[in-house]
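Residue-level listing of the chains:
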Amino acid sequence: MDYQKLYPQIQEFVFQTKANRQQWQITYQNCSDALCNYSDKVTELIQRIDQIPVNQQKNLRCALPIQEQLDQSIILPKLDTMPTVLAADGSQILPDRHAPVYYGLINVGGFVFPGNPQAFPQTVQIPELIYGEQLENFSEARLALQRDIHEREMLLNMGRTIQMPCVGLVDGPLEIWIGGSHSGGDQGDYQRSLNTYFHLLGDLYQQKIGLAGYIDRPESNYLVRLLEIAVATPEELQNLQRFHPFSGVSDVDILGALLKPTQRSALFSLYSQPNIQYPTHSQIGFFYINVGSENHPWLGRVEVPAWVAQEEQWLNLVHTMIVHQCQIMGKIAYPFALHRAHELAVVSNEEKDQITRWILTEMQRSGLPISSYSHKQELKNLPSRREWKNPLGGKM
Amino acid sequence: MNQIQIGRLLSATTRQLVVGCQVSQIDLPAIGSLVRINPQVDYAIYGLVYDLYIADDGLVRQLATVGEMDEKVIADHRLNRSVPIEIRVLSVGYKMAGQIYHLLPPKPPLGLEILWLCSDEEIVEFTNSGRYGYLRHILREQDVAVEEVLAAHIKLADNAHRQKGEADWSHKAVQEVIVLLRDDYAALTRVLQSLADSQIFS
């Protein structure tokens with residue numbers, strides 16, 4: 001790295017950031033004022049969204065108020081019993097055409113944190129090797145989609161044997177969505193996966209298993225976008241896709257000052273075209289929650305399906321469960337059960353190498369020809385100067 | 001005979017063994033315990049536990065900073081997380097074809113062999129063989145709390161011998177230690193102090 005060439009760019013980067021910060025303060029103030037002005041105009045805002053021209057609705061993603069005021073802070077409910085938490089997280093090995101063998105792997109880790117104080121936590125791991133025809137038209141997004149489906153399947157399977165009430169928890173949004181356009185085979189695959197997902201959501205709903213997706217340090221601006229719509233003139237609504245007066249301000253920026261530790265924000269529905277396709281009972285809603293401390297607020301976004309959002313009891317369970325799970329981790333507030341599921345799911349480089357060697361050994365045993373790394377990868381694998389050991393000993 | 005399995009071998013030299021076991025293991029051997037590995041049907045390696053190491057990781061360190069901890073979090077760590085306890089063992093002898101030798105084993109055991117805790121009968125059998133020759137393997141170690149391991153071992157072995165009606169075994173063992181350390185007054189003083197602290201002879 002030529003640090004001398006890089007250093008002026010770092011200085012420029014910091015200078016620009018500082019300059020933008022001053023503009024951001026003004027935008028932030030305007031956005032906060034809008035929140036103040038429109039906080040109790042829930043019905044008016046819902047009507048306003050209905051007025052948005054259809055061609056402007058296509059890519060619109062914003063918060064849709066349900067009932068509570070936009071700036072409402074809801075305190076932590078007091079519950080007699082805690083729900084059992086089921087957490088699932090997945091990781092994957094991406095197929096590598098430079099490796100000696102072409103395969104992928106999805107490993108899903110599941111963690112059960114019982115609500116019963118006498119019971120012990122349980123763990124589950126399900127690895128799935130992906131090879132052959134499964135890798136036709138492979139894309140990273142498809143593998144990620146498969147992983148997400150497996151995570152939800154694991155929640156369902158774990159939940160079937162657990163005493164109620166229990167809440168399934170995944171890392172990230174509940175809305176399964178792949179960026180970009182889907183065409184031909186991709187579109188078909190995507191639709192099939194979506195249908196599988198809808199079935200899973202229906203099963204979770206039928207089995208009375210709560211569901212929540214936790215997004216740490218969210219960068220979303222759904223509420224801010226709603227406020228942009230609120231302040232837009234009828235002419236600006238006609239060209240909403242280009243109307244971003246509060247650009248650079250996120251929901252966390254404006255709610256961070258409002259929510260005290262353990263409090264949640266108002267519940268919103270997610271207005272997006274994909275969400276409209278979801279079964280009514282599973283349409284996605286969300287709220288923000290402050291899992292930080294008095295001096296260090298830390299907001300997460302929690303997504304829940306409609307069957308959780310519409311029942312106060314479910315909502316209280318999810319609210320309490322998230323706070324409790326985050327409190328277990330102390331200052332690095334993040335749901336403990338999700339972290340454990342991640343620990344179980346993650347595939348280290350050493351494990352990946354071990355799996356590759358294992359496959360190669362089995363292939364060799366079966367008399368199959370063995371490939372090697374591509375020349376490009378082999379050259380990259382050569383030890384760097386620092387790692388190289390002098391075979392004759394002594395210092396280099 | 002009820003055999004108590006401690007863990008499985010992680011690494012070994014002819015002088016030392018490192019064994020891993022789950023944190024949840026309730027039958028953890030105490031320092032100074034006599035343990036055994038059976039690499040073959042007619043071949044057993046004996047060792048003395050001289051250290052136990054409980055590894056940490058980032059999550060444990062983070063959880064330790066939290067004031068009140070949920071019992072389930074502790075249970076999960078001990079039952080489910082793959083963070084083993086490492087038991088370090090000094091090789092002190094072996095048994096081959098029914099004969100016990102207080103010599104280093106001719107070859108170390110291989111990975112994942114099971115480590116067993118020796119019963120009182122085995123302790124008596126091993127310590128009564130020969131003339132306390134195994135004690136020199138402990139005394140020559142540089143990086144081991146020799147006096148503590150020795151005192152703990154003599155106390156445990158004394159208890160086993162007393163069960164068999166041999167009340168003077170520990171006296172003879174200490175006499176042998178004095179002979180072995182006759183040219184190292186400082187070490188001998190430390191060992192005798194540890195033996196006094198262990199209250200074997202009180």
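Above this text you will find the structure in question.
### A short note on the overall build of chain B
Reasoning step 1: The secondary structure content of chain B amounts to 7 helices and 7 strands.
Reasoning step 2: In terms of C-alpha radius of gyration, chain B reaches 18 Å, essentially the compact-globule figure of 17 Å for 202 residues.
Reasoning step 3: Projected onto its principal axes, the C-alpha positions of chain B cover 50 × 40 × 30 Å.
Reasoning step 4: Within chain B, the proportion of its 202 residues that are buried is 46%.
Reasoning step 5: Across chain B, every contact between residues at least 6 apart in sequence was considered, and the portion connecting residues at least 24 apart equals 71%.
Reasoning step 6: Accessible surface, chain B as shown: approximately 10500 Å² in total, 50% of it carbon and sulfur.
Reasoning step 7: Side-chain charges in chain B split into 19 positive and 26 negative, and the spacing between the mean points of these groups amounts to 4 Å.

### So, the overall build of chain A
Reasoning step 1: Looking only at helices and strands, chain A has 14 helices and 9 strands in total.
Reasoning step 2: Once the C-alpha set of chain A is aligned to its principal axes, its extents read approximately 75 × 60 × 50 Å.
Reasoning step 3: Within chain A, buried positions represent 46% of all 396 residues.
Reasoning step 4: In chain A, the proportion of contacts linking residues at least 24 apart, taken out of those at least 6 apart, comes to 74%.

### A few points about the environment of Leu267 of chain A
Residue and element names in this part refer to chain A.
Reasoning step 1: For Leu267, the position within the fold is in the loop between helix 8 (251-255) and strand 7 (268-271).
Reasoning step 2: Overall, the relative accessible area of 7% leaves Leu267 in the buried class.
Reasoning step 3: In contact with Leu267, other than residues within four places in its own chain, are Ile66, Glu68, Phe286, Phe287, Val304, Ala309 and Leu315.

### Notes on the interface of chain B and chain A
Reasoning step 1: The interface is formed by 13 residues belonging to chain B together with 22 residues belonging to chain A.
Reasoning step 2: For the pair chain B and chain A, the two sides together bury roughly 1300 Å², of which 62% comes from carbon and sulfur.
Reasoning step 3: There are 2 salt bridges connecting chain B and chain A.
Reasoning step 4: Two residues, Asp76 of chain B and Arg340 of chain A, come together in a salt bridge whose shortest N-O distance is 2.5 Å.
Reasoning step 5: The tally of links from chain B across to chain A stands at 5 residue pairs in polar contact (both at pLDDT 80 or more).
Reasoning step 6: Going through the elements one at a time, helix 1 (58-64) and helix 2 (71-79) of chain B are the ones with two or more residues in the side of chain B that touches chain A.
Reasoning step 7: With 5 residues, helix 2 of chain B is the largest single contributor of residues to the side of chain B that touches chain A.

### A word on the environment of Met158 of chain A
Residues and elements named next belong to chain A.
Reasoning step 1: Within the secondary structure, Met158 sits in helix 4 (residues 140-160).
Reasoning step 2: When its relative accessible area of 7% is taken as the criterion, Met158 is described as buried.
Reasoning step 3: Each C-alpha atom of the pair Met158 and Val124 lies 8.8 Å from the other, and the pair is 34 residues apart in sequence.
Reasoning step 4: If sequence neighbours within four positions are ignored, Met158 has contacts with Leu86, Ala87, Gly110, Phe111, Val112 and Val124.

### Considerations on the pattern of salt bridges
Reasoning step 1: This model, assessed by the stated rule, comprises 23 salt bridges over all chains.
Reasoning step 2: The partner of Arg81 of chain B in a salt bridge is Glu343 of chain A, and the shortest N-O contact between them spans 2.5 Å. Within this pair, whereas Arg81 of chain B is found in the loop between helix 2 and strand 5 (85-96), its partner Glu343 of chain A is found in helix 12 (residues 336-345), the two belonging to separate chains.
Reasoning step 3: Look at Arg81 of chain B and you get buried, because its relative accessible area is 8%.

### Regarding the pairing of strand 5 of chain B
Within a regular strand, the side chains alternate between the two sheet faces.
Residue and element names in this part refer to chain B.
Reasoning step 1: The sheet contact formed by strand 2 (residues 16-21) and strand 5 spans 6 bridges and is antiparallel. By the bridge assignment for strand 5, Val19 is matched with Ile87.
Reasoning step 2: Here strand 4 (residues 43-54) pairs with strand 5 via 11 bridges, running antiparallel. Counterpart to Asp51 in the pairing with strand 5 is Arg88.
Reasoning step 3: As judged from the 3 bridges shared by strand 5 and strand 6 (residues 99-101), these two strands associate in the antiparallel manner. If you follow Met96 over to strand 6, its bridge partner there is Gln99.
Reasoning step 4: Counting the residues between successive antiparallel strands, the hairpin from strand 5 to strand 6 contains 2 residues, one of them, Ala97, with a positive phi of roughly 50°.

### Some remarks on helix 12 of chain A
Reasoning step 1: Burial of helix 12 of chain A is extensive: 7 of the 10 residues sit out of reach of the surface.
Reasoning step 2: Every buried residue of helix 12 of chain A is accounted for by Phe336, Ala337, Leu338, Arg340, Ala341, Leu344 and Ala345 of chain A.

### Some remarks on the sheet that holds strand 7 of chain A
All names here are of chain A.
Reasoning step 1: The strand order 1-7-8-9-6-5-2-3-4 describes an open sheet built from 9 strands, whose pairing is mixed. Looking at strand neighbours, the two that pair on one side only are strand 1 (62-65) and strand 4 (122-130), the edges of this open sheet. Strand-to-strand twist in this sheet, taken as the mean axis angle between neighbours without regard to direction, amounts to 30°.
Reasoning step 2: Bridge count for strand 6 (residues 210-216) against strand 9 (residues 299-305) is 4 bridges, and the pairing is antiparallel. Following the sheet pairing, Ile215 is matched in strand 9 by Arg301.
Reasoning step 3: Here helix 4 sits on the sheet in contact with strand 2 (84-93), strand 3 (104-113), strand 4, strand 5 (166-171) and strand 6, set at roughly 155° to strand 2.

### What to know about the packing of helix 1 (residues 3-38) of chain A against helix 6 (residues 222-231) of chain A
Residues and elements named next belong to chain A.
Reasoning step 1: Where helix 1 meets helix 6, the closest approach of the two axes is 10 Å, and the angle between their N-to-C directions is 75°. In terms of orientation, helix 1 lies roughly perpendicular with respect to helix 6. Contacts between helix 1 and helix 6 pair Cys31, Ala34, Leu35 and Tyr38 from the former with Leu223, Val224, Leu227, Ala230 and Val231 from the latter.
Reasoning step 2: Taken together, the residues of the contact of helix 1 with helix 6 break down into 9 nonpolar, no polar and no charged.

### Considerations on the packing of helix 3 (residues 120-128) of chain B against helix 5 (residues 146-163) of chain B
Residue and element names in this part refer to chain B.
Reasoning step 1: The geometry of helix 3 relative to helix 5 is characterised by a closest axis approach of 9 Å and an angle of 105° between their N-to-C directions. In terms of their interaxial angle, helix 3 and helix 5 are classed as roughly perpendicular. In this structure, helix 3 uses Asp120, Ile123, Val124, Thr127 and Asn128 to contact helix 5, whose residues at the interface are His153, Ala157, Ala160, His161 and Gln163.
Reasoning step 2: Split into classes, the residues belonging to the contact of helix 3 with helix 5 amount to 4 nonpolar, 5 polar and 1 charged.

### Concerning a nonpolar patch on the surface
Reasoning step 1: Taken together, the side chains of Met1, Tyr3, Leu6, Tyr7, Ile10, Phe13 and Val14 of chain A present a nonpolar region at the surface, about 820 Å² in accessible area.
Reasoning step 2: Of note, Val14 of chain A is situated in helix 1.

### Describing the nonpolar core
Residue and element names in this part refer to chain A.
Reasoning step 1: Ranked by size, the top nonpolar core spans 67 residues in total, and within it Tyr214, Val302, Val304, Val318, Ile322 and Phe336 carry the most contacts.
Reasoning step 2: In terms of residues, this core owes the most to one element, helix 11 (residues 312-328), which gives 9 residues.
Reasoning step 3: Setting aside residues up to four positions removed in sequence, Ile322 forms contacts with Leu169, Tyr214, Ile289, Val291 and Val302.
Reasoning step 4: Within the second largest apolar cluster, 36 residues are counted, among which are Leu226, Leu227, Tyr271 and Leu299.

About the cut-offs
Residues numbered from 1 in each chain as written. Chains lettered and ligands numbered in written order. Predicted model: local features only at pLDDT ≥ 70, side-chain atom pairs only at ≥ 80, totals over all residues. Heavy atoms only, no water. Helix = DSSP H or I, 4+ residues; strand = E, 2+ residues; numbered from the N terminus. Rg over C-alpha atoms; globule rule 2.2 N^0.38 Å. Buried < 20%, exposed > 50% of the residue type's maximum accessible area, 1.4 Å probe, protein only. Contact = heavy atoms within 4.5 Å. Areas by Shrake-Rupley, 256 points an atom, 1.4 Å probe, with all protein chains shown as cover. Lys, Arg positive; Asp, Glu negative; His and termini not counted. Charge placed at Lys NZ, Arg CZ, Asp CG, Glu CD. Buried area = accessible area lost by both parts, 1.4 Å probe. Salt bridge = Lys/Arg side-chain N within 4 Å of Asp/Glu carboxyl O. Polar contact = N/O pair within 3.5 Å; in protein donor to acceptor, adjacent residues only side chain to side chain. Pairing = 2+ DSSP bridges. Axes fitted to C-alpha atoms, helices over the stretch in contact; angles between N-to-C directions. Parallel < 35°, antiparallel > 145°, perpendicular 65-115°, else oblique. Nonpolar A, V, L, I, M, F, W, Y, C, P; charged D, E, K, R; others polar. Patch = residues over 30% accessible without salt bridge, like charges linked within 9 Å, V, L, I, M, F, W, Y side chains within 5 Å. Core = buried A, V, L, I, M, F, W, Y, C linked by side-chain atoms within 4.5 Å.

Interpretation in functional terms is not warranted from these geometric data alone.
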